[in-house]
Structure formats: C-alpha cells, structure tokens
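Coordinates in review
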Amino acid sequence: MTYTKRHRLYMYVLLLIVSVAGRTLAGSLPMKPNIILILTDDQGYGDLSLHGNPILKTPNMDLLGSTGVRFDNFVVSPSCSPTRCALLTGMYPFKSGVTHTIQGRERMSLKSVTLPQVLKRGGYTTGMFGKWHLGMSDEFLPQNRGFDVAVMTQGDSQNSHFNPTLVRNGKPEEHEGFRTDILFNEAMRFMKSNKDGPFFCYLSTYSPHAPLKVPEQYKKPFEGKVSDEEATFLGMVSNIDENIGRLLAYLDESGLRKNTLVILVNDNGGTYGVDVWNAHMRGHKGGAWNGSIRALSFWNWKGQLKPSVVNDLAGHIDVLPTLAEIAGVSLEEDHRQKLDGFSLVPMLEGEPSPDPERIIIHHLGRWFSGQGDMHQYAMCGVRYKNFHMVRSTPCQNEYCRGECRFVRRIHIGSIPGTYSKNGLFHFAQTPFDRWALFDVSRDVSEEHDIAEQNPQIVARLALDYDLWWEKVSADFPRMTEITFTGKLEQVGHGKVYRLTTPDGKVIPLEQPGLHEPTGWTRDRVPDLATFSGKHVEIKALAFRKQADNELDIWRVTKIESPEATEEQEQ
C-alpha cells in the first residue's frame, strides 16, 4: 500500500472516529475538561522509578502513570524543537520547517495551525509556561501563536536556573528562586485565575536540560552513588517530581482535579541519566535507535480514565487531534487533511488502536543548512508494531559539518560520547547500504538485526519512508555551486570577508573550515587572506534560504585571481 493510499485510509478512520466523537464522549468522558500538558526537557524514558530506575524516586510521576493511561510505545523526535512542533501541530515537524534547534530551522511555520489556536475555538483560555524553542521573532512567539498568556525565560535561555528574568507576553519580570518552582507557581496562578474554565495549560520545563543546576537538597540523596553530574541531573528530575506533586495537591484542594486531564510527556531520548538507567535501550537524545525516540506518556484524569498500559504505537503527532476531540472542537477539513496523527480517544477508553498497521517515522535532522538531500538516510527510522527499522549512520559526506561529525568522532575514539561514556553502544552503526530491522519487544537493546529474515516488512517500510521523505523534503533549501566575481576585502582582523561584485552587491564570506574526524582544519581549502584586496573569481557552495529566497554562502571551494597570478609571474 502506498503512502497516499495509507494516508487516505488514516483519514477515513479519523473521520469515522470524529463522526461518533460526540456519542463516545457523552457516553463515558465529560466534555471540555481543563487540560494540563507537562513537557519535560531532556528527561528520558528511564528517568523515573515507574520505569525501573534503581536510584531515582519519582512518586508523583509514578502516580500519574499508575493511576492513568500509560502509552508504553510512545514515539517522539530525537531532539527538542521537532518534538515541540509535532505536539503543537499534529504533523511531522519537517512539514512545519522544524528540522533543527538552531539556525532558524527551529521556527515553526506561520502556516501551521497550533493546538492552542484549536482549543481557543472551543472556548479555552490558553497559557504557556516555560520553554518555547519554536522561534523568537515577534510573529513566532507563543503569545502570537494561540496562547493568551506566555511566560518564558528572557531569550528562551536555558541558563537562568536561579533568579531568572521571565518575560510575560513580551514584558520582562524579575523573579527570585529556582526557575522550575517559579514556572509551576505561575502555572497554578493561571489555573486559579481561570478556575471556571475550561483552560489549557502548557507547562514546558527547562529542566533537566543542561546546564545542570539544582538546589543542593535535591542533589544530596544521590551524592556518592553516581557521578556529580549525574547526581545533579537526577536532582533536577526530583525537583520536577516534587513540583508535580504540588500541582496535583493544588488540583485536589481547589476541586479542579476531577475535571482536569493531566498529561506528562518528555521531549526526546535520555541524556545525562542514561548511564544510570536507560531501561536496557540502545540510543539517547540525538540518535536513531529506539532509546532516542521512546518517551513516557501518561494521561491522568481522576475518576474518568481507568488505569491501563497501552502497547499500541502512539506518538507526539497524535496529541493535537486527541485533545481537539476531547475538547469537542471539530477540525476544519483542510486542516484535518494535513494532520499525520489521529485521535487516541479510543485507546484512552480501552479500545485497540484505530489503525493497528500505522507507522511513525523519525529523523534526527540537524544537518547543515542546504544539505538535507544528502541526509535522507542518515540517523532515521520507522516504527511499526513491535518493529523498528533503522539507519544509524552519518551521511556519506566525510566533511559534513552537521551532527554527523560527532558520530564519526565517537567511532574513531576521539570522544567517548555525547551523553554517555559508552558512545559506541548508543551510536552503533548499521550498514550504510541498507536498513536494519529489530523486534524491540524481544530485543530491547536492538542487538539482533532481523532484516534478512523479514524482507517483505523491510521493503514495505522502506517504500513508506521514501514516499514520506519525498513529501516532507519538498521545500528544503537545496545546495548548489555558484561562481562569483568581484573584489575581496578582509573585514577587521578576523575570518570575515566581503566580496563586492561589479554591480555593487556585497556578499559576506567567512574563511572556510573543513571538518576532519579529529577536529577542524583549514588544510586543503582556500586561504582567503592571500587574496584580500584583489579581484577574484570564487566558487562556493550555497543554498537558498526558505524565507527570502536569497543565496546564503556555505563554503568557498575554489578561489582564483588574475592579479595574484601576475604577481607570482613577476
């Protein structure tokens, strides 16, 4: 079945679900509950006691999971911004232009309809507290994307753990204390102000993302048992857990608990806690293995959702359509057709998945701008039932300046890893020329490739992946080699230059660097300083920016100058 036919089947099933949504909710779940979505930053699937962590105790997270619905095969993206985009749009993040966390590629397309915009149509008051990471220009800010109230760190900075300057709808405010505590306080203040509801509260913590800092009392229980770095990280998770306990107590005391759905999700694979416990999985944040994409997903609605563990495949792309149905909001037809996820309401009510044949695709992204095409098969995979088809390899360009350089450094031993001392385990490479396949229900660590024993599954999923890539990559900026002529001048004493063309256009350039497995070097690339002040012909790799269609120079590959040649001859 092609991607198009399968997509049509998904849409048919989704339309069928929505057509009976009123009867389903009226018969079991109350309409329009308050909704609290808690998203933790860089906490992994294994960073809580409910999932077997031998050191960390998280009684409040455990309570949410054990007394609610736990999706145990819940897939997110391998890094931060893409997951946030998928949660808020119901679409694969690449379709919204989010393929990285920097370089402007974290900006969620202004054409994308967001979850708070959908819920506001259902009468919800919407608030966001914490990390945004989906664009910092005015039009991209959360208060302009559907949130009535948006409170975040100034500049959306990770660094301000203590005494932060927070920005409320663009206006700075000074605060004292630990940032996670403050954000939970602000969220509860929002709930109190809107207790007559319904409200949607998106509480997106900056913890336990680095830099690792936490009040000493949270770190102390782990000192001497793990490294200092790990103790601080686990303390940050403990602090989040304590704040979740405060939040649940507030909901009980205020009488809001019975009419409030609380959801807890993490944004990518584990980080500084994976060497303590990663539930036996291979992979962490920034990779392609199942440990890079498997997330906790707890849905707790006291008195309404029966405790259960759902093993059917679900993911971040399902959150928007699910909450739209629970909120009683009908999605417009053109919007519905763009969604990649579907409503999880049947699964929340104990029914099987509306599409047991579904797949969810993941890709690290994080290539250097303009190099998307050469990364089609780099650090990506497909989840299907209990299977994970994966390619854990860097791209074929050995000088790639994207995330591939870290993978290569790990494999030659120049660095041990990014979040683990055992980088070779978590960044294990699959064959370059084909997909690998694993049954993660039997082989949690993904050590036994069964692709050769299952050629039909591999062929089917590979076709689905290629069709998906063709669709999501249609608007990627493409790299091209272009020739410029003009006068080259050095700007100051740094590595920055400018080329003034005959028609007066000024093109900024930088001294090119080339990535080797052990570091950066200028060997075998042109030295621009030699040509400063001369008329030159430059060949450079460049790509067109999506926003303004302007060429952005990536790297100079060749430079020649008639003046330099004449000087050498003299």
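Above this text you will find the structure in question.
Residues numbered from 1 in each chain as written. Predicted model: local features only at pLDDT ≥ 70, side-chain atom pairs only at ≥ 80, totals over all residues. Heavy atoms only, no water.

1. Focus: the nonpolar core
Rules: In this text, buried Ala, Val, Leu, Ile, Met, Phe, Trp, Tyr and Cys residues form a nonpolar core when linked through side-chain atoms within 4.5 Å. For every residue, the accessible area obtained with a 1.4 Å probe (protein chains only) is divided by the maximum for its type, and the residue is called buried under 20%, exposed over 50%, and partly exposed between those limits. Think of it this way: any DSSP run of H or I at least four residues long counts as a helix, any run of E at least two long counts as a strand, and we number them from the N terminus. The contact criterion used is simple: two residues touch if any of their non-hydrogen atoms lie within 4.5 Å.
By size, the foremost hydrophobic cluster in this structure holds 92 residues, and its most contacted members are F71, M191 and W299. The leading source of residues in this core is helix 8 (residues 228-254), at 11 residues. Residues in contact with F71, not counting those within four places in the same chain, are A295, S297, W299, V310, A314, L344, M347 and L348. If you look at the next biggest cluster of nonpolar residues, it comprises 27 residues, including I361, V382, V458 and A462.

2. Points about the sheet that holds strand 14 (residues 359-363)
Spelled out, the test is: Following DSSP output, two strands are said to pair if at least two bridges run between them. Between the N-to-C directions of two axes lies an angle of 0 to 180 degrees, each axis being a line fitted to C-alpha atoms and, for a helix, fitted only over the stretch in contact.
Spatial strand order, 14-15-16-17: 4 strands in an open sheet with antiparallel pairing. Each edge of the sheet is formed by a strand with only one pairing partner; in this case those strands are strand 14 and strand 17 (436-439). Each adjacent strand pair in this sheet contributes to an overall mean axis angle of 20 degrees, direction not counted. Where strand 16 (residues 387-391) meets strand 17, 4 bridges bridge the pair, whose relative direction is antiparallel. Each bridged residue has a counterpart across the sheet, and for H388 the counterpart in strand 17 is F438. Sheet contacts for helix 15 (residues 455-472): strand 14, strand 15 (380-384), strand 16 and strand 17; angle to strand 14, the most-contacted strand, approximately 60 degrees.

3. A closer look at the packing of helix 3 (residues 59-66) against helix 8
Stated precisely, the cut-off is as follows: An angle below 35 degrees is treated as roughly parallel, one above 145 as roughly antiparallel, one from 65 to 115 as roughly perpendicular, and anything else as oblique. For this classification, the nonpolar set comprises Ala, Val, Leu, Ile, Met, Phe, Trp, Tyr, Cys and Pro, the charged set comprises Asp, Glu, Lys and Arg, and every other residue, Gly included, is treated as polar.
It is at 7 Å that the axes of helix 3 and helix 8 come closest, and there the two elements cross at 60 degrees. On the basis of the axis angle, helix 3 is oblique to helix 8. Contacts from P59, N60, M61, L63 and L64 of helix 3 reach helix 8 at V237, I240, D241, E242, I244, G245 and L248. Among the residues making up the contact of helix 3 with helix 8, the classes are represented as 8 nonpolar, 2 polar and 2 charged.

4. Section: the side chain of S112
Topologically, S112 is positioned in the loop between helix 4 (80-89) and helix 5 (115-120). On the basis of relative accessibility, which here comes to 6%, the residue S112 falls in the buried class. Look past the residues within four positions of S112 in its chain and what remains in contact with it is T89, M91, S96, Q117 and R145.

5. A word on the pairing of strand 15
Counting buried residues in strand 15 gives 5 out of 5 residues, a clear majority hidden from the surface. Both faces of strand 15 are covered, namely the face carrying C380, V382 and Y384 and the face carrying G381 and R383. As judged from the 5 bridges shared by strand 14 and strand 15, these two strands associate in the antiparallel manner. Opposite I361, over in strand 15, you have V382 as the bridge partner. As defined by bridge partners, strand 15 adjoins strand 16 across 5 bridges and the pair is classed as antiparallel. Paired with C380 across the bridge in strand 16 is R391. Here strand 15 folds back onto strand 16, and the loop between the two strands holds 2 residues, one of which, K385, carries a positive phi near 50 degrees.

6. Some thoughts on the pattern of salt bridges
How we decide: Any Lys or Arg side-chain nitrogen found within 4 Å of a carboxyl oxygen on Asp or Glu counts as a salt bridge.
Evaluated as defined, the whole model comprises 22 salt bridges. Measuring nitrogen to oxygen at the nearest pair gives 3.4 Å for the salt bridge that ties D267 to R84. Taken together, the residues span a long stretch of sequence, with D267 in the loop between strand 9 (260-266) and helix 9 (290-293) and R84 in helix 4 at a distance of 183 residues. For R84, a relative accessible area of 0% gives the class buried. With a closest N to O distance of 3.2 Å, D340 and K95 form a salt bridge.

7. Regarding the pairing of strand 14
In terms of burial, strand 14 is largely enclosed, as 5 of its 5 residues are buried. Of the two faces of strand 14, the one lined by I359, I361 and H363 and the one lined by I360 and H362 are each fully buried.

8. Here we look at helix 13 (residues 404-412)
Inspection of helix 13 places C404, R405, V407, R408, R409 and I410 among the buried residues, and these make up the whole buried set. Residue G413 follows helix 13 closely and has a positive phi angle near 85 degrees.

9. Some words on the packing of helix 6 (residues 179-193) against helix 8
Operational definition: Should the near helix be turned anticlockwise from the far one by less than a right angle, the crossing is left-handed, and should it be turned clockwise, the crossing is right-handed.
Here helix 6 crosses helix 8 at 15 degrees, and the two axes come no closer than 10 Å. Between helix 6 and helix 8, the interaxial angle falls into the category roughly parallel. For the element pair helix 6 and helix 8, the recorded crossing hand is right-handed. Facing T180, D181, F184, N185, M188, M191 and K192 of helix 6, the residues of helix 8 in contact are N239, I240, N243, I244, R246, L247, Y250 and L251. Tallied by class, residues from the contact of helix 6 with helix 8 come to 8 nonpolar, 4 polar and 3 charged.

10. A word on the environment of S157
If you trace the backbone, S157 turns up in the loop between strand 5 (149-153) and strand 6 (165-168). Given the relative accessible area of 19%, S157 is considered buried. Linking S157 and Y206, residues 49 residues apart in sequence, is a C-alpha distance of 8.7 Å. When neighbours within four sequence positions are excluded, S157 is seen to be in contact with R179 and Y206.

Fair warning: the whole summary comes from geometry, so function is off the table for now.
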